[in-house]
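Summary of the model geometry
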Amino acid sequence: MTDQNAELDAALEAVIEAARAHLAAVKAAAGRIDDDDVWQAYVHLNNTSYAYDEKLLDAFGEVTPWDVESIDPDEADQRFGMAGAGADGAADDPYDQVISVRQRRDYRVPSVAALLKVAETARRGAVPEDEDAGPVESVGEAVLELLQAGDGSLASLDVPELEPLDGLLTVTEVTAPLDLEAFDDADGAGPFAPAEGDQLVGRLDEHPFLPDDEDDHNHA
């Protein structure tokens with residue numbers, strides 16, 4: 001039993017050291033997505049935790065709260081896209097992975113008339129003076145007009161006529177790049193739906209920072 005206890009103590013120390021190494025890698029990455037050092041430290045922490053849990057079960061019939069399975073380090077490297085890496089860390093196939101970044105932002109429209117007016121102004125500025133720009137007839141059409149008149153990003157909608165609400169951004173490892181021809185123009189959900197094999201890396205929740213929030217902070 002003494003040897004078994006010593007093995008348990010050593011296994012627990014390995015978990016503690018792996019947890020510290022993982023935390024150090026996370027701090028060093030500073031939020032960088034898909035950092036190799038973080039991933040390798042995660043795999044090591046996972047496997048040391050699994051080994052300790054197994055030894056505890058064998059010795060005393062007890063388990064930890066950690067619901068983990070052993071990860072093959074070689075398979076972990078393949079998952080991370082490091083398989084076949086050369087001495088300089090470059091993979092044989094630089095196009096082995098595809099990353100999909102998807103963003104949603106909701107807006108409140110304080111005044112429909114004001115939004116339509118600013119969209120019509122943007123439309124008139126995009127067509128020759130001798131052509132009739134035509135009216136902007138709906139809120140959705142107005143938003144599209146602002147996007148087309150700008151750079152196509154959500155920054156084009158940073159106008160007083162739109163009040164930003166919560167939003168989110170997701171980063172997903174996908175098995176294949178987007179094929180626009182596979183979806184009808186009227187299909188707004190299909191291109192964003194995850195496919196089999198896609199893996200969500202993480203999501204960032206976005207909360208708007210409004211002038212009222214700054215006032216509340218100053219009076220706190």
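This text goes with the structure placed above it.
These remarks concern the structure in this document. (Residues numbered from 1 in each chain as written. Predicted model: local features only at pLDDT ≥ 70, side-chain atom pairs only at ≥ 80, totals over all residues. Heavy atoms only, no water.)

**A closer look at the sheet that holds strand β3 (residues 199–206)**
A sheet is described by the order of its strands in space; here three strands give the open sequence β1-β2-β3, paired in antiparallel fashion. What marks the edges here is a single partner per strand, and that holds for β1 (98–108) and β3. Ignoring strand direction, the axes of neighbouring strands in this sheet form an average angle of 15°. (Pairing = 2+ DSSP bridges. Helix = DSSP H or I, 4+ residues; strand = E, 2+ residues; numbered from the N terminus. Axes fitted to C-alpha atoms, helices over the stretch in contact; angles between N-to-C directions.)

**A few points about the packing of helix α4 (residues 112–124) against helix α5 (residues 139–149)**
Put simply, α4 and α5 touch, their axes get as near as 9 Å, and they point 35° apart. Taken as a pair, α4 and α5 cross one another with a handedness that is left-handed. Across the interface between the two elements, V112, L115, L116, V118, A119, A122 and R123 from α4 touch V139, E141, A142, E145, L146 and A149 from α5. Looking at the contact of α4 with α5 residue by residue, the class counts come to 10 nonpolar, no polar and three charged. (Left-handed = near helix turned anticlockwise from the far one by under 90°. Contact = heavy atoms within 4.5 Å. Nonpolar A, V, L, I, M, F, W, Y, C, P; charged D, E, K, R; others polar.)

**Describing α5**
Among the residues of α5, those classed as buried are A142, E145 and L146. All buried residues of α5 lie within an arc of 95° about the axis, which places them on one face of the element. For α5, exposure combined with an orientation more than 90 degrees from the buried face picks out L144 and Q148. Buried residues along α5 sit against α4. (Buried < 20%, exposed > 50% of the residue type's maximum accessible area, 1.4 Å probe, protein only. Arc of directions from axis to C-beta.)

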